[in-house]
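The residues making up each chain are set out below.
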Amino acid sequence: MSGSWIQQIPTLPLEPGVYIFYGKNDEVLYVGKSKCLRKRVKNYADLKGDSRPFIPHLHEEAHRLEFLVTDTEKEALLLENQLIVKLNPKYNILFRQDTTYISIKITIKHPFPRLMLTRQVKKDGALYFGPYTSGKALRETLHFIKSFFRIRTCSNSEFKRRKRACLLYQIDRCTAPCVGKVSEKEYKKKVEDLVRFLQGKNRIILDELEKKMARASEKLDFERAIKYRDQIKALEATLEKQKVLSLDQKDYDVVAIFQKDGKAAIQMLFIRGGKLLTSHAKLVTSWEKPETLLGSFLKHYYLSNVYIPQE
Ligand code: SF4
């Protein structure tokens, strides 16, 4: 064990920041953050005070310590996360940036909102739904949304430029607001229905369709009644695939961890509007206790611009 970092402890600042343990040949061993650097690093010097399995190894291998002072603890948290991704320290768990989290975005600030897919959830006034981790679930949902709600998917510049509706209008996948084939009010109603669908409030949409079908039948407008009947069937088929897990219709992310022999399995369930939207599993090598691993995972996951539910 090299004691140089222990001698450094009394000189460390009493401020928030990030600390980095280095081993022989400047190998990066561990990156951590704290609201008081001196107090935190002092805990590492007491082998009995920290029961994490990798601590004895860190004591054995650590040769020197570096630190970076930050203005706030939150800044330290962000910096710690960036350094873990950049330096890949031996005793931190590296949750690689997942490329599979995709959300559905609706740009509701626009008079004729656009439907699009994105990997980045931003505070830009748009509505985000997801995440979708399974390509199949996303494809099925999108297929239904495009044919049922017929919301535009083109970019704003394309929307402004159009003199004629594109092919999506011809194949009944868009109502063509670009050339005024639908009023702003009618389009807004479609967007509201889409939002309710994505929030899991599907009963309201089904009731409306059933009423419309009945009215069309009363007026002997059978062509229209058949159209509504087909829409009801398509919606019911989509809903059948969504399992109800909670009756309160809230959004939840559920995270479970199972750890054994230095390996850990992390399972996430994404529940939206009380229904299981999708799930995702990860396997990692972990030296940490399950609660520390869970904390690291949650930090990593929610710092990567994803939708954060109420619970
Ligand atoms: S029909 Fe018009 S509004 Fe719809 S996707 Fe095509 S260009 Fe965009």
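Residues numbered from 1 in each chain as written. Predicted model: local features only at pLDDT ≥ 70, side-chain atom pairs only at ≥ 80, totals over all residues. Heavy atoms only, no water.

1. With respect to the overall build of the protein chain
- In terms of regular secondary structure, the protein chain is built from 11 helices and nine strands.
- The C-alpha atoms of the protein chain give a radius of gyration of 26 Å, which is well past the 19 Å a tight globule of 311 residues would have.
- Projected onto its principal axes, the C-alpha positions of the protein chain cover 90 × 40 × 30 Å.
- A buried classification covers 42% of the 311 residues belonging to the protein chain.
- Considering only contacts within the protein chain whose residues lie at least 6 apart along the sequence, 60% involve residues at least 24 apart.
- Carbon and sulfur atoms provide 54% of the accessible area of the protein chain, an area that totals close to 17,900 Å². (Helix = DSSP H or I, 4+ residues; strand = E, 2+ residues; numbered from the N terminus. Rg over C-alpha atoms; globule rule 2.2 N^0.38 Å. Buried < 20%, exposed > 50% of the residue type's maximum accessible area, 1.4 Å probe, protein only. Contact = heavy atoms within 4.5 Å. Areas by Shrake-Rupley, 256 points an atom, 1.4 Å probe, with all protein chains shown as cover.)

2. Focus: the nonpolar core
- Residues I104, F149, L194, F197 and L198 are the most contacted members of the largest nonpolar core, which totals 30 residues.
- Of all the elements in the fold, those that place two or more residues in this core are β4 (102–106), β6 (127–132), α5 (135–149), α8 (184–198), α9 (202–218) and α10 (222–240). (Core = buried A, V, L, I, M, F, W, Y, C linked by side-chain atoms within 4.5 Å.)

3. Some details on the domain arrangement of the protein chain
- In terms of domain boundaries, the protein chain breaks down into domain 1 (4–87), domain 2 (102–240) and domain 3 (252–302).
- Distance from the C-alpha centre of domain 2 to the C-alpha centre of domain 3: 33 Å.
- The junction of domain 2 with domain 3 conceals about 660 Å² of combined surface from both sides, 53% of it contributed by carbon and sulfur atoms.
- On the surface where domain 2 and domain 3 come into contact, there are zero salt bridges.
- One can count zero residue pairs in polar contact (both at pLDDT 80 or more) joining domain 2 with domain 3.
- The leading source of residues in the side of domain 2 that touches domain 3 is β6, at three residues.
- Tallied by class, residues from the side of domain 2 that touches domain 3 come to two nonpolar, six polar and no charged. (Domains from an automatic or database assignment. Buried area = accessible area lost by both parts, 1.4 Å probe. Salt bridge = Lys/Arg side-chain N within 4 Å of Asp/Glu carboxyl O. Polar contact = N/O pair within 3.5 Å; in protein donor to acceptor, adjacent residues only side chain to side chain. Nonpolar A, V, L, I, M, F, W, Y, C, P; charged D, E, K, R; others polar.)

4. Observations regarding a positive patch on the surface
- There is a patch of like positive charges on the surface, built from K211, K212, R215, K219 and K227.
- Of the residues forming the positive patch, the biggest block, three residues, is contributed by α9.
- Inspection of the secondary structure puts K227 in helix α10. (Patch = residues over 30% accessible without salt bridge, like charges linked within 9 Å, V, L, I, M, F, W, Y side chains within 5 Å. Lys, Arg positive; Asp, Glu negative; His and termini not counted. Charge placed at Lys NZ, Arg CZ, Asp CG, Glu CD.)

5. Observations regarding the site of the ligand
- Taken together, R152, C154, R162, C166, L168, C174, A176, P177 and C178 are the residues near the ligand.
- Split by residue class, the shell around the ligand holds seven nonpolar, no polar and two charged. (Near = heavy atom within 4 Å.)

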